[in-house]
Protein chains: 2
Amino acid sequence: MIKGSTRLVAIIGSPVVQVKSPENFNNAFAQAGSDVAMIAMDIPSDGIDAFLSLARTWQNLDGFVVTIPHKQAIASGIDSVTQRAALLGAVNVVRRGADGQLIGDMVDGLGFVRAAESHGFTPNGREALVIGCGGAGSAIAHALCEAGVSVLAICDPDAQRVGRLASALAAEFPQISIATEIGDHSRYDLVANATPLGMQAGDPLPLSAPAIALLKPTAHVADVVTSPEVTPFLAAARARGLSIQTGPEMARAQLGLLGAFMGVLSPGD
Amino acid sequence: MIKGSTRLVAIIGSPVVQVKSPENFNNAFAQAGSDVAMIAMDIPSDGIDAFLSLARTWQNLDGFVVTIPHKQAIASGIDSVTQRAALLGAVNVVRRGADGQLIGDMVDGLGFVRAAESHGFTPNGREALVIGCGGAGSAIAHALCEAGVSVLAICDPDAQRVGRLASALAAEFPQISIATEIGDHSRYDLVANATPLGMQAGDPLPLSAPAIALLKPTAHVADVVTSPEVTPFLAAARARGLSIQTGPEMARAQLGLLGAFMGVLSPGD
């Protein structure tokens, strides 16, 4: 029950009816007995400037989670960002300092890595393939580098996008072999789909069926698509007996990271 | 439990930790089974412009209640106001139209009249005295005129404020006798304190003890002060056996009016 004393966090996007963060956060706040609530705010792009101005003076707002389509616009409108958010040009969480300063981070990729770790997959020293170099793919690629993969292959239909991300990662992680060609499918310990393929019935698979057949039996296969929970890509991997990780797992694994960044949950939540 | 689909209303003020509206509204929404929630937003004066800009584009915000110190600033910053809000130069509730237009009203005075009616006091044809011509006093005076009092006396240490309100009321309600002197205390059917006197221990009474002794035995005596609930003024009236009405009653009586204006409750709630 929200009261006058209740501190607030928000999730900002448009639309927001489908977002699950309010239920996940509000359950966690209730369990912790915290007088904090998360609201979902449906703000179109032309409202972001006003939102950021307001957020700087909104005394009982502790921070906000950022979702589609505002991750880039908010990254460029706030007062400071972490190194990884700067490299990625995107934020998915912002903390409001006591002085009203807005500080952003991008923990989509960390959520992915956490979810993988909960399956017993340790990225350090392993070879990974990330399909798709948009916001989610870039964040996952960066987090896998932070987690110490030895080889990272990235691919995307947009060659410029691939080139930019590869250069940025190579500059920050010179010890990691960054590839922009998939090459031998059987070398990868981790394969992640970070494209929207699989959301719509009839979408092509992000990797062809013959390519899926080549994956090594110990490969961990992940998807960022949240609906359906098990995409055709994951179903194909599961049919081969491979370990799979769903989009909702990645979202749930971020709860503590997002909440800790805003100062309203502990990282373990 | 707030979800992505939850529609929002807010109460805007600074500070807000003490406001009771979120609990009152959220209880009413829960009883009605509505997927609507009220949040309290602590926004200082320098955030009001940004708040109003944001409110126009905030798709899942249906409206907001306005409290101290923003009733005047928001009245002048929104797109349209009711006649009474224009006359009073203040709003305490704003509705967000589907086109993002912000429309304001001032129902503090109606809440007062509703609370009086719940005590069996009918203003029509009666003689009323309102002590204090600030925001609350002006709203109450106006609502008593709308409710058809035959005589309205108003007083305030600020003679200019009294004069302005008396002129405005006389212009809108030419059939009502508007007095700016108290005169004979025994004539009033209703006496309302709309000053802050009674909030602090040691405050003088808004009417002197000899004046209270002169009130007619059937007089209804009201106060806008919410804490303490029974002020020394009300205690003195009660000691004389007079009917009394507290500040919290006035606040509670507004719930349905505010909610109906924002389209989230029915007037009877």
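Residues numbered from 1 in each chain as written. Chains lettered and ligands numbered in written order. Predicted model: local features only at pLDDT ≥ 70, side-chain atom pairs only at ≥ 80, totals over all residues. Heavy atoms only, no water.

### A word on the packing of aromatic side chains
All names here are of chain A. One pass over the structure, following the stated rule, counts four aromatic pairs over all chains. When the centroid spacing of 5.9 Å and the interplanar angle of 45 degrees are considered together, the rings of Phe 25 and Phe 29 count as tilted. On the criterion of helical spacing, the pair formed by Phe 25 and Phe 29 is a turn pair, its members being four residues apart in helix 1 (residues 21–32). A single burial state applies to Phe 25 and to Phe 29, both of which are buried. A cation over a ring is seen here: Arg 95 above Phe 261, with NZ or CZ 4.4 Å from the ring centre. (Phe/Tyr/Trp six-rings, centres within 6.5 Å; stacked < 30°, edge-to-face > 60°. Helix = DSSP H or I, 4+ residues; strand = E, 2+ residues; numbered from the N terminus. Buried < 20%, exposed > 50% of the residue type's maximum accessible area, 1.4 Å probe, protein only. Lys NZ or Arg CZ within 6 Å of the ring centre and 35° of its normal.)

### Considering the relation of the copies chain B and chain A
Under the fitted operation, chain B is carried onto chain A by 0.0 Å of movement along the axis and a turn of 180 degrees, and the coordinates agree to an RMSD of 0.0 Å. As the rotation angle and translation indicate, the two copies are arranged about a two-fold axis. The position closest to the rotation axis in chain B is occupied by the C-alpha of Ala50(B), lying 2.5 Å away. Same-surface contact between copies: 100% of interface residues of chain B are shared with the interface of chain A. (Least-squares fit on C-alpha atoms with pLDDT ≥ 70 in both. Contact = heavy atoms within 4.5 Å.)

### Considering the nonpolar core
Soluble globular proteins tend to pack their nonpolar side chains together in the buried interior. In terms of nonpolar packing, the biggest core is built from 58 residues, with Trp58(A), Phe64(A), Trp58(B) and Phe64(B) touching the most fellow members. Residues within four places of Phe64(A) in sequence aside, it is in contact with Ala10(A), Ile12(A), Phe51(A), Leu52(A), Ala55(A), Ile74(A), Asn92(A), Val93(A), Val94(A), Leu102(A) and Met262(A). (Core = buried A, V, L, I, M, F, W, Y, C linked by side-chain atoms within 4.5 Å.)

### With respect to the pairing of strand 7 (residues 127–131) of chain B
All names here are of chain B. Most of strand 7 is tucked away, with four of its five residues classed as buried. Pairing of strand 7 with strand 8 (residues 151–155) involves five bridges; the strand directions are parallel. Looking at the pairing, Glu 127 lines up with Val 151 of strand 8. Handedness of the strand 7-helix 6 (residues 135–146)-strand 8 crossover: right-handed. One ladder, built from four bridges, connects strand 7 with strand 10 (residues 190–193); its direction is parallel. Pairing of Leu 129 across the sheet is with Val 191, part of strand 10. (Pairing = 2+ DSSP bridges. Right-handed = clockwise from strand over helix to strand, strands pointing away.)

### Observations concerning the domain arrangement of chain A
Size of an interface: often given as the accessible area lost when the parts come together. Residues and elements named next belong to chain A. According to the domain assignment, chain A contains domain 1 (7–107 + 254–262) and domain 2 (109–250). Centre-to-centre separation of domain 1 and domain 2, based on C-alpha positions: 26 Å. Contacts between the two partners involve seven residues from domain 1 and, on the opposite side, 11 residues from domain 2. For domain 1, the biggest contributors to the area lost against domain 2 are Arg 84, Leu 87 and Leu 257; these three give 50% of the whole. The interface formed by domain 1 and domain 2 contains one salt bridge. (Domains from an automatic or database assignment. Buried area = accessible area lost by both parts, 1.4 Å probe. Salt bridge = Lys/Arg side-chain N within 4 Å of Asp/Glu carboxyl O.)

### Brief notes about the packing of helix 2 (residues 48–57) of chain A against helix 2 (residues 48–57) of chain B
One way to put it is that helix 2 of chain A packs onto helix 2 of chain B with a least axis distance of 8 Å and a crossing angle of 140 degrees. One finds that helix 2 of chain A runs oblique with respect to helix 2 of chain B. Between helix 2 of chain A and helix 2 of chain B lies a crossing whose hand is left-handed. Contacts from Ala50(A), Phe51(A), Ser53(A) and Leu54(A) of helix 2 of chain A reach helix 2 of chain B at Ala50(B), Phe51(B), Ser53(B) and Leu54(B). Its residues assigned to classes, the contact of helix 2 of chain A with helix 2 of chain B shows six nonpolar, two polar and no charged. (Axes fitted to C-alpha atoms, helices over the stretch in contact; angles between N-to-C directions. Parallel < 35°, antiparallel > 145°, perpendicular 65-115°, else oblique. Left-handed = near helix turned anticlockwise from the far one by under 90°. Nonpolar A, V, L, I, M, F, W, Y, C, P; charged D, E, K, R; others polar.)

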